[in-house]
Amino acid sequence: MKVGFIGLGAMGQEIVPRLLAGGHQVVGWNRSRDKAEPLIALGMGWAESPKALAEASEVVLSIVTDAKAVEAVALGENGVLAGLSPDAVYADMSTIAPDASRRISDAFRAAGKIMLDAPLSGSPVTLRQGLASIMVGGDKAAMEKAAPVFLSIGPKLTHIGDSGLAVQMKIAINLCLMVEVIVFGEAIALAEKGGVKREVAVDAMLKSVAASPVLGYRGPFIIEGQMPDVPLADVTLQQKDMILALDLARKQGSVVPLAAAANEMMNACRGLGIDHRDFVTAFDVYRRLGGDNS
């Protein structure tokens, strides 16, 4: 299919090669062209605006930082809405608030065009492994039309329900993921202070019933010398999703005490000046609170 891709950051750098490998014709756009150059070298085309990209595409995907960025690329003067054919599909893969996603979707619907919310659950690691999953909110027939594109990105595709419900589910999943990673650090710090070597504690945890895919690739980062220079998701990026969860819970009247506690640990990471690291670094907060300042 002819695919337009907006947002060539860490996730875009992994998704576009999968689309190209799947046989799709891909044209990309990003606020800064320099991020596009490695992908252009692989065969991706370049569009001068989201509008021009949409005009050349059957399916348009975007994955950008926040709702403000989605609104800019989707609804701006030279945005996707201005160039999208009524027969084409726009799917935003960003993690944003459900009400913001619905508001943008409503603007497309009013213009006789289709927008889906289609957030991806995974990281650059799971994308490379071919294990990412995609959830879709909105018109199911449109999802099925775009399915060849989605399935080139990851093998698991689920229609969640109406517009906004896929990002609702993504926020819930990320809440669970973040609490899991934070409590992993708490448990390892407890074991280590009692005398278990850190690498032994990590190995035992990853062989236990508490193991999970995210701990499998993230847990070893806390072993001395294994924290990556380029995080999969630093504290600031991951905390953005936690704040979305907390705000959603406030609006709904949902009770999320574990999410609130995990968010405080990320605040502590910021206070210690380690927020540039992958957010599994919350382990270091537990370690320092336990008296280890090495």
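Below, the structure is looked at part by part. Values in this document were obtained by computation on a predicted structure and should not be read as measured data.

**Looking at the packing of helix α9 (residues 165–193) against helix α12 (residues 235–252)**
Okay, step 1: At their nearest, the axes of α9 and α12 sit 9 Å apart, and the two run at 115° to each other. Taken as a pair, α9 and α12 cross one another with a handedness that is left-handed. Together, Gln168, Ile171, Asn174, Leu175, Leu177 and Met178 of α9 and Gln238, Asp241, Met242, Leu244, Ala245, Leu248 and Gln252 of α12 make up the contact between the two elements.
Okay, step 2: For the contact of α9 with α12, the residue count by class is eight nonpolar, four polar and one charged.

**Let's talk about the side chain of Gln239**
Okay, step 1: Looking at the element boundaries, Gln239 is found in helix α12.
Okay, step 2: Relative accessible area serves as the criterion here: at 5%, Gln239 is assigned to the buried category.
Okay, step 3: At a separation of 2.9 Å, a polar atom in the side chain of Gln239 contacts the side chain of Asn263.
Okay, step 4: Not counting the four nearest positions on each side in its chain, Gln239 is found in contact with Asn263, Met266, Asn267 and Arg270.

**Describing the environment of Met135**
Okay, step 1: Summarising the element assignment, Met135 is placed in strand β8 (residues 133–137).
Okay, step 2: Relative accessible area serves as the criterion here: at 5%, Met135 is assigned to the buried category.
Okay, step 3: Each C-alpha atom of the pair Met135 and Gly219 lies 26 Å from the other, and the pair is 84 residues apart in sequence.
Okay, step 4: Those residues within four positions of Met135 in sequence are excluded, and the remaining contacts are Asp117, Ala118, Pro119, Ser121, Thr158, Ile160, Ala166, Met169, Lys170 and Ile173.

**Topic: the pairing of β8**
Okay, step 1: Most of β8 is tucked away: five of the five residues are buried.
Okay, step 2: Alternating positions in β8 separate into two faces, Ser133, Met135 and Gly137 on one and Ile134 and Val136 on the other, with burial throughout.
Okay, step 3: The pairing of strand β7 (residues 120–121) with β8 spans two bridges and is classified as antiparallel. Note that in β8 the partner of Ser121 across the bridge is Ser133.
Okay, step 4: Both β8 and strand β9 (residues 156–161) contribute to a ladder of five bridges, which runs parallel. Looking at β9, one finds that Val136 is bridged to His159.
Okay, step 5: Following the chain from β8 across helix α8 (residues 140–153) to the adjacent parallel β9, one finds a crossover that is right-handed.

**With respect to the pattern of salt bridges**
Okay, step 1: All chains considered together, the criterion is met by 15 salt bridges.
Okay, step 2: Between Glu14 and Arg128 there is a salt bridge whose closest N-O contact spans 2.6 Å. A residue pair is termed long-range when its members are at least 10 positions apart, and Glu14 in helix α1 (residues 10–21) and Arg128 in helix α7 (residues 124–128) qualify at 114 residues.
Okay, step 3: We note a salt bridge from Asp278 to Arg218, for which the minimum N-O separation is 2.7 Å. With Asp278 in the loop between α13 (257–271) and α14 (282–289) and Arg218 in helix α11 (residues 213–218), this pair connects stretches of sequence that are 60 residues apart. For the pair Asp278 and Arg218, a shared accessibility class is recorded, and that class is buried.
Okay, step 4: Several salt bridges converge on common partners, so that one network encompasses Asp99, Asp247, Arg250 and Lys251.

**Things to note about the environment of Gln252**
Okay, step 1: Tracing the backbone through its elements, the reader meets Gln252 in helix α12.
Okay, step 2: Owing to a relative accessible area of 43%, Gln252 belongs among the partly exposed residues under this scheme.
Okay, step 3: Each C-alpha atom of the pair Gln252 and Asp34 lies 41 Å from the other, and the pair is 218 residues apart in sequence.

**Describing helix α4 (residues 67–75)**
Okay, step 1: By the burial criterion, the buried members of α4 are Ala67, Val70, Val73 and Ala74. Each buried residue of α4 sits inside an arc of 130° when the element is viewed along its axis, so together they form one side.
Okay, step 2: At its buried positions, α4 is contacted by β1 (2–6), β2 (25–29), α3 (50–55), α5 (80–83), β5 (89–92) and α6 (98–110).

Criteria and cut-off values
Residues numbered from 1 in each chain as written. Predicted model: local features only at pLDDT ≥ 70, side-chain atom pairs only at ≥ 80, totals over all residues. Heavy atoms only, no water. Axes fitted to C-alpha atoms, helices over the stretch in contact; angles between N-to-C directions. Helix = DSSP H or I, 4+ residues; strand = E, 2+ residues; numbered from the N terminus. Left-handed = near helix turned anticlockwise from the far one by under 90°. Contact = heavy atoms within 4.5 Å. Nonpolar A, V, L, I, M, F, W, Y, C, P; charged D, E, K, R; others polar. Buried < 20%, exposed > 50% of the residue type's maximum accessible area, 1.4 Å probe, protein only. Polar contact = N/O pair within 3.5 Å; in protein donor to acceptor, adjacent residues only side chain to side chain. Pairing = 2+ DSSP bridges. Right-handed = clockwise from strand over helix to strand, strands pointing away. Salt bridge = Lys/Arg side-chain N within 4 Å of Asp/Glu carboxyl O. Arc of directions from axis to C-beta.

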